[in-house]
Amino acid sequence: MTRLTRRRFLGGVGALGVAGMARLAPADDGRGDAQAAARAAAEIERAATDFPNPLRLPGASGLYGVLRATEVREIRVRRTELAVLPGIASPFWAYAVESGGKRFLNPTLVVRRGDEVRLRMVNELDQPTIIHWHGLANDDRNDGTGIYIAAPGTAYDYAFTVRDRASMYWYHPHPLHITAPQVYRGLAGLFFVADDDEEALRRALGLELGVTEIPLVLQDRSFDHEGRLEYGVPRDAMFHGFIGEEILVNLTARPAFSAARRIYRFRLLNGSNARNYRLAFLQGGRRLGFYLVGTDGGLLDAPTRVDQAFLTPAQRLDVLLDLREARADRAVVLATLGFDPMHNEGTMEPGTAKAAAASSGGHEGHAGGAIDGEEKPILRIDVKPTSGYAKKIPARLSRLPAPPPAGGKPRRIVLGHDGRGNWTINRWQFEMNATPLTVRRGARETWLIENSRASMPHPMHIHGFQFRVLERRGTPAQVRGLGADRNGLLPQDRGLLDTVLAWPGESVRIALDFTHPFPGEQTYMFHCHNLEHEDLGMMIRYGVKA
Ligand code: C2O
Ligand code: CU
Ligand code: CU
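Within any chain, residue numbers begin from 1 and follow the written order of that chain's sequence. By the order in which they are written, chains take letters starting at A while ligands take numbers starting at 1. Thresholds applied to this predicted model are a pLDDT of at least 70 for local features of residues and 80 or more for the giving and counting of side-chain atom pairs; totals over whole chains, interfaces and linings are not thresholded and use all residues. Values shown for side chains rest on all heavy atoms present in the structure; no hydrogens or waters enter the calculation.

1. Description of the coordination of the copper ion (ligand 2)
Then step 1. Protein coordination of the copper ion (ligand 2) is provided by His 132 (NE2) and His 461 (NE2), with donor distances spanning 1.9 Å. Here His 461 lies in strand S31 (residues 458-462) and His 132 lies in strand S9 (residues 131-134), a separation of 329 residues in the sequence. Of the two residues examined, His 132 and His 461, each falls in the buried class. Because water is not among the atoms used, a metal site may look incomplete, as its donors are only the N, O and S atoms within 2.8 Å, or 3.2 Å for Na, K and Ca. Secondary structure elements follow DSSP: runs of H or I of four or more residues count as helices, runs of E of two or more count as strands, with numbering from the N terminus. Buried, partly exposed and exposed residues are distinguished by accessible area as a fraction of the type maximum, computed with a 1.4 Å probe on protein chains only: under 20%, between the cut-offs, and over 50%, respectively.

What follows is the structure, encoded as structure tokens:
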């Protein structure tokens, strides 16, 4: 065990001790000890019994209130307060909107494909900001990439047509070097695009947003002694990224949700700065199966049944859970199962582990040693005994465009670090005035994202385009065991993605089609969506030449 691994391990034991859990990672990679996994699951379920707080849901106004994006004129980015923990006012930064006499914070914006969005962002903060529409294919002027930025006290106008497939996208700040703290303090909202396929699914299952179709924004946060949100990441802890002590869902700590025995649709977003989740629904010590129906870029062709899925920062998962399969007399618990984010450390090239450990300064996340990969309950779902729901999941959902043909030599994207605490992309640290990568509009390219062994999980995200995963190599067994096909793809790799996780030692081959309707040269970002990594400069500008 390397120093870094050992420290993480010890830190992890401390954190789990606080949560009252007995053991680390159930380490169930398909061949693992099924009994141990069942015991671990039962422990997690037990820990969720004292989740007292009703899950916050998008309603007609207020936090996450649902609003047609076409009706929004102005979004004010401001400091406000929110009782994140019940009864404790915490400083909170939010997107504030007034519309139709109602007030919204971080509104859930909804559009139909083809709608025109025209709105003004007013920056009332004392620092620069910009809104990035994560996952939407916009021109660079409307992408909010960070090249154009609104200084304090100024405004920025957006005008774009939504051309994207139906999905749940999201919006968040993107100012250079200060994205992580801005998102952490509250700035993030959901952006739903609907189309015919989407509406057909909602009709078939009788789904209603905020009632039976539930967005779940997963964010881990830490609190100070008064119970207010606390960030404060020392420079050396940025090397790992912020890992908070509590996992919030829709800004609800220890949340509970009361459900009927029917099909629910959960729209999951990993809105965390750096934490990865290994999601499963648990009941009675076992994993309930669920259906994966969509990814970042919308619906799959057909539902796929799975019993767990990883979710890396910025990614979304669209899943159906049929609670008729659950027992009505006990809760179902959405949990993150244990995993080892640094599984390849034992086989690092000599020298690199020490360099990584030295530059990281030994901080594991923040305050009290919360770590990525620890098992934790996320949401308790209380199941009411109900009957009379007889709907079935449709066999066809949508039509995914065929992946672009893999042609030519792949472009290599090498993830690494410089041994001085900086993560790099092709040895680059971000520079605003350099565009080290250029593609041609309409080009079809294959990229090979190679993460070094002495590394961390890096959720790699591209602006402007959705892509397809073609192949994974060097994937850790704990991931491969979740039903990888012969190209190493997991079920969720078969959809359109704008963010893909590259594990340490893994190579991920993706296919991109740089076709878009925007004139002239467009400039976007490609970066790690571990937000501390992004802020440290694990990001490059890339250009799309006309
Ligand atoms: Cu979600 Cu470049 O961002
Ligand atoms: Cu983005
Ligand atoms: Cu990273």
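2. Points about unusual backbone geometry
If a residue is not glycine, its phi is most likely negative; likewise, a peptide bond is most likely trans.
Then step 1. Not every positive phi belongs to a glycine, and Asn 106 is a case in point at roughly 45°.
Then step 2. Assignment of secondary structure puts Asn 106 in the loop between strand S6 (102-105) and strand S7 (108-112).
Then step 3. Of note in this structure, Asn 250 is not a glycine but carries a positive phi near 50°.
Then step 4. With respect to the element layout, Asn 250 can be found in the loop between strand S15 (246-249) and strand S16 (252-253).

3. Quick look at empty space enclosed by the protein
Then step 1. In this analysis the probe radius is 1.4 Å and the grid spacing 1 Å, with only protein atoms considered; a cavity is a set of points the probe fits into but cannot get out of, a pocket is an open set with protein on both sides within 12 Å along at least five of seven lines, and lining residues have an atom within 4 Å of a point. Grid points are joined across faces, edges and corners, and a volume is the space filled by probe spheres set on the points. Under the criterion given, the structure shown has eight cavities of 30 Å³ or more.
Then step 2. Here the largest cavity is characterised by a volume of approximately 80 Å³.
Then step 3. Along the walls of the largest cavity sit Phe 310, Gln 315, Arg 472, Val 479, Leu 490, Gln 492, Asp 493, Val 500, Leu 501 and Trp 503, which together make up its complete lining.
Then step 4. Looking at the lining of the largest cavity residue by residue, the classes come out as six nonpolar, two polar and two charged. For this classification, the nonpolar set comprises Ala, Val, Leu, Ile, Met, Phe, Trp, Tyr, Cys and Pro, the charged set comprises Asp, Glu, Lys and Arg, and every other residue, Gly included, is treated as polar.

4. Description of the coordination of the copper ion (ligand 3)
Then step 1. Around the copper ion (ligand 3), the protein supplies His 458 (ND1), Cys 528 (SG) and His 533 (ND1) as donor atoms, at distances of 2.0 to 2.1 Å.
Then step 2. The sequence pattern formed by the donor residues of the copper ion (ligand 3) is H-x69-C-x4-H. Note that His 458 is positioned in strand S31 and His 533 in helix H8 (residues 531-536), a separation of 75 residues in sequence. Pair check on accessibility: His 458 and His 533 agree, each one buried.

5. Description of the pattern of salt bridges
Then step 1. Any Lys or Arg side-chain nitrogen located within 4 Å of an Asp or Glu carboxyl oxygen qualifies as a salt bridge. All told, the structure shown has 40 salt bridges when counted by the stated rule.
Then step 2. The salt bridge involving Arg 103 is made with Glu 98; its shortest N-O contact spans 3.7 Å.
Then step 3. Of the residues examined, Arg 103 reaches a relative accessible area of 58% and is grouped as exposed.
Then step 4. Here the salt bridges share partners, and the residues they tie into one network are Glu 198, Arg 202, Glu 213, Arg 265, Arg 267 and Asp 318.

Functional significance is not addressed by these values, which are geometric in nature.
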